[in-house]
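Listed here are the chains, written in short residue letters.
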Amino acid sequence: MLKIYKKASPVILAGILIWEVIAYIMFPELFYNNKMSYGACLHAMSSGVIYSIEIDEDSSFAIVTLRDAGGYDEDSVKYIVEAFGVSNQMLRSHAEQSDVEIIERNHRIFSFLRILKFFIMVCVIYFIYQIYQKKRKKPQIAVVNGEAFSTTENIQDTQVTFNDVAALEEEKIELVEIVDFLKCPERYTRLGAKIPKGVLLNGKPGTGKTLLAKAVAGEAGVSFISASGSEFINKYIGAGADNVRKLFEKAKKEAPCIVFIDEIDAIGGKREDMSCAANTERNQTIDQLLTELDGFQTRDNIIIFAATNNPEILDPALTRPGRFDRIIHIGLPDVSGRKAILEVHSRNKPLFEDVSLEYIAKNTAGFSGAQLENLLNEAAIHAARHQHTAISNEDLDEAFKKITVGIKKSNNIMSEEEKRLIATHESGHAIVSLFMPTQPNIKEVSIIPHNTGGGYTLNDMTDDKKYSSKTELMERLAVLMAGCVAENLIIGDISTGASTDIEKATEIATKMVSEYGMSEFGPISVESINLNSSP
């Protein structure tokens, strides 16, 4: 309530100030310092001291003007006399008996201003009530901004709920009890139950980690305090730890709330040698984070959410039970999940009747939720650019190409030699892919430049595959190197156009040897071997 009064106090002061200004302009006599009691006024009239009296039957006061040696003039002193109802009649009667001039005055305007003042005060009270209701019903997002971590100036309402999160049904089930705890903590505490202090969300970029954390806050109706791991890092030793303390101080003031730390691996990585100043600052920051995680209890109604793309590099002390004791992996959506995501992001976008979200979902295997949202947004932009009344399949197709192969460079002028080179290169990819049983079908081959590439060979993206066999990877290598081989066979030379293919092929071959155990060395993970350790 104190915060509500702090926010509403300027409005109250403004209303009072407006009233005082209007009253001073219309009735300056109300601000006279000279006041006279009712009894003193009667005695003054009997003594012949009063020259005139201003009376209004509808007002609660009267104004008297005293006589002076020079008679009635501008220098005469005025007094205000409090009078209510019957007292006005008595003042009028005494004034007539004492030969005091009676001035009739209409204060209906003043009565109107009194009503206006009452109306202003009612509006102010209603405004305070609305702020209170808003505080209760709508959760807030406080974005921790910069080294000062001033969350007060960056507060906005959030309307995100579980209805806005698609394709994560199992993950939402895992978080329902946290929502229930934030709503009714007594149900758990009276039974001695402990809700996890921290929830670690890991997954590829764009899979919905931040959105899911916001949805928990929206469902529970609590504040959402957001910070990025990089914001804690500072060149001055001790500043990062101080930022962590400020974050949790803010959380305790805003409780019940959710604290979300994005990219926590920026500060939560495994601690290293303290001899380096940068490592010292980083280690102190994570030490302070561990201390703060141990410093509050579940009864404080604070839940810590963190997101990372690399959970394997986090310090083990951070992910142990009692800190981040619940780890939820968020993977890429399957075909049904992609369809649900497309339905969510197409709510406010007009689509032609022949547009099938199911078809789009089947042909976007490997897309994350963020990429699907971007696909529809790019299609809407393309439709607006070409003045379409709704989003068509053509718009979606162009948006898909823009995301996967880049922006079309149709105005680029190429020589016949370059066209022949690109056609030969892309033909190599397409022909070899047709003869590889495990490779997807060819969807489109083009020699029109896109981004930095001269052309492209686009395959169907309809398979939701999480694992690949050695045969598939070997055939993928063959398809990647086929462009370079085709150039050598047909033209008799190779070009720099194969650089991207060689880079991808090298990455796959390296992982086959170092991670997947698909080499003559056998099932050995080279990356897990510490070459510096003694035998």
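Calculation notes
Throughout, residues of each chain are indexed from 1 in the direction in which the sequence is written. Totals for whole chains, interfaces and linings use all residues, but because this is a predicted model, local features are given only for residues with pLDDT of at least 70 and pairs of side-chain atoms are given and counted only at 80 or more. The side-chain figures draw on all heavy atoms in the structure; neither hydrogens nor water molecules are used. Here a strand is any run of E in DSSP of at least two residues, a helix any run of H or I of at least four, and the numbering for each starts at the N terminus. Relative accessible area decides the class of each residue, using a 1.4 Å probe on protein chains only: under 20% of the type maximum gives buried, over 50% gives exposed, and in between gives partly exposed. In what follows, a contact means two residues having at least one pair of non-hydrogen atoms within 4.5 Å. Whenever Lys or Arg places a side-chain nitrogen within 4 Å of a carboxyl oxygen from Asp or Glu, that contact is recorded as a salt bridge. Confidence of the predictor at the level of single residues is given by pLDDT, which spans 0 to 100. What makes a patch is a set of residues exposed beyond 30% relative accessible area and free of salt bridges, joined within 9 Å when like-charged and within 5 Å when nonpolar (Val, Leu, Ile, Met, Phe, Trp, Tyr). Per-residue accessibility takes into account occlusion by the displayed protein chains alone, with areas from the Shrake-Rupley method and a 1.4 Å probe. Residues enter a nonpolar core if they are buried and are Ala, Val, Leu, Ile, Met, Phe, Trp, Tyr or Cys, with the set joined through side-chain atoms within 4.5 Å. Pairs of N or O atoms are called polar contacts if they sit within 3.5 Å, as long as, within protein, a hydrogen donor faces a hydrogen acceptor (for residues adjacent in sequence, only side-chain-to-side-chain pairs). In this analysis, rings of Phe, Tyr and Trp, with Trp reduced to its six-membered ring, are considered paired at centre separations within 6.5 Å, and the interplanar angle assigns stacked below 30 degrees, edge-to-face beyond 60, and tilted for intermediate values. Counting as a charge over the ring demands two things of the Lys NZ or Arg CZ atom: a distance within 6 Å of the ring centre and an angle within 35 degrees of the ring normal.

For Thr-424, the location among the structural elements is in helix 16 (residues 416-434). Taking the relative accessible area as the measure of exposure, Thr-424 reaches 11% and is therefore buried. Setting aside residues up to four positions removed in sequence, Thr-424 forms contacts with Ala-486, Glu-487, Ile-490 and Ile-491.

This part covers the pattern of salt bridges. Following the criterion strictly, the structure yields 13 salt bridges and no others. Among the ionic pairs, Lys-401 bridges to Glu-444, the shortest N-O distance being 3.1 Å. Here Lys-401, found in helix 15 (residues 393-404), pairs with Glu-444, found in strand 13 (residues 442-446); they are 43 residues apart in sequence, far enough to count as distant. Overall, the relative accessible area of 10% leaves Lys-401 in the buried class. Between Glu-507 and Lys-511 there is a salt bridge, with its nearest N and O atoms 3.7 Å apart. Note that Glu-507 and Lys-511 are positioned in helix 18 (residues 499-514) at a spacing of 4 residues, about one turn of the helix. Of the residues examined, Lys-511 reaches a relative accessible area of 29% and is grouped as partly exposed. Each of Asp-242, Arg-245 and Lys-246 takes part in one network of salt bridges that share partners.

Another aspect to go through is the confidence of the model for the protein chain. Do not read the fine detail of predicted coordinates wherever pLDDT is low. Taken residue by residue, the protein chain gives an average pLDDT of 78. The fraction at 70 or more is 75%. Counted against residues more than four places away or in other chains, residues 69-75, with its pLDDT under 50, gives 4 contacts. pLDDT under 50 marks residues 145-156. Its contacts with residues more than four places away, or in other chains, come to 29 contacts.

Turning our attention to a nonpolar patch on the surface. Where nonpolar side chains cluster on the molecular surface, the patch consists of Met-481, Val-485, Leu-489, Ile-490, Ile-491 and Ile-502 and spans about 530 Å² of accessible area. Among the elements that make up the nonpolar patch, the one with the highest residue count is helix 17 (residues 470-491) (5 residues). For Ile-502, the position within the fold is in helix 18.

Grouped together as the largest cluster of nonpolar side chains are 28 residues, with contacts concentrated most on Leu-175, Ile-178, Leu-182, Val-216, Ile-258, Ile-303 and Phe-305. Looking at this core, the elements that each hand over two or more residues are helix 5 (169-183), strand 8 (198-203), helix 7 (209-220), strand 10 (257-262), strand 11 (302-308) and strand 12 (326-330). With 24 residues, the next largest nonpolar core counts Leu-200, Phe-248, Ile-264 and Ala-306 among its residues.

This part takes up the environment of Asp-395. Counting through the fold element by element, Asp-395 comes out in helix 15. On a C-alpha basis, the gap between Asp-395 and His-382 in space is 5.8 Å, while along the polypeptide they are 13 residues apart. Beyond its immediate stretch of four places on either side in the chain, Asp-395 contacts Ala-379, His-382, Ala-383, His-388 and Ala-390. Within the structure, Asp-395 has its side chain in polar contact with the side chain of His-382 (distance 2.7 Å).

What follows is about the packing of aromatic side chains. Here the structure, examined in full by the defined rule, presents 2 aromatic pairs. Seen from their ring centres, Phe-224 and Phe-260 are 5.8 Å apart, and the 25° between their planes marks the pair as stacked. A residue pair is termed long-range when its members are at least 10 positions apart, and Phe-224 in strand 9 (residues 223-228) and Phe-260 in strand 10 qualify at 36 residues. Take Phe-224 and Phe-260: they sit in the same class, and that class is buried. Ring centres of Phe-367 and Phe-400 lie 5.8 Å apart, and the angle between their planes is 10°; on these two criteria the pair is classed as stacked. Taken as a pair, Phe-367 in the loop between helix 13 (357-362) and helix 14 (369-385) and Phe-400 in helix 15 lie far apart in primary sequence, 33 residues in all. Residue Phe-367 is classed as buried on the basis of its relative accessible area, which comes to 3%. Positioned above the aromatic ring of Phe-400 is the side chain of Lys-443, whose terminal nitrogen or guanidinium carbon lies 4.8 Å from the ring centre.

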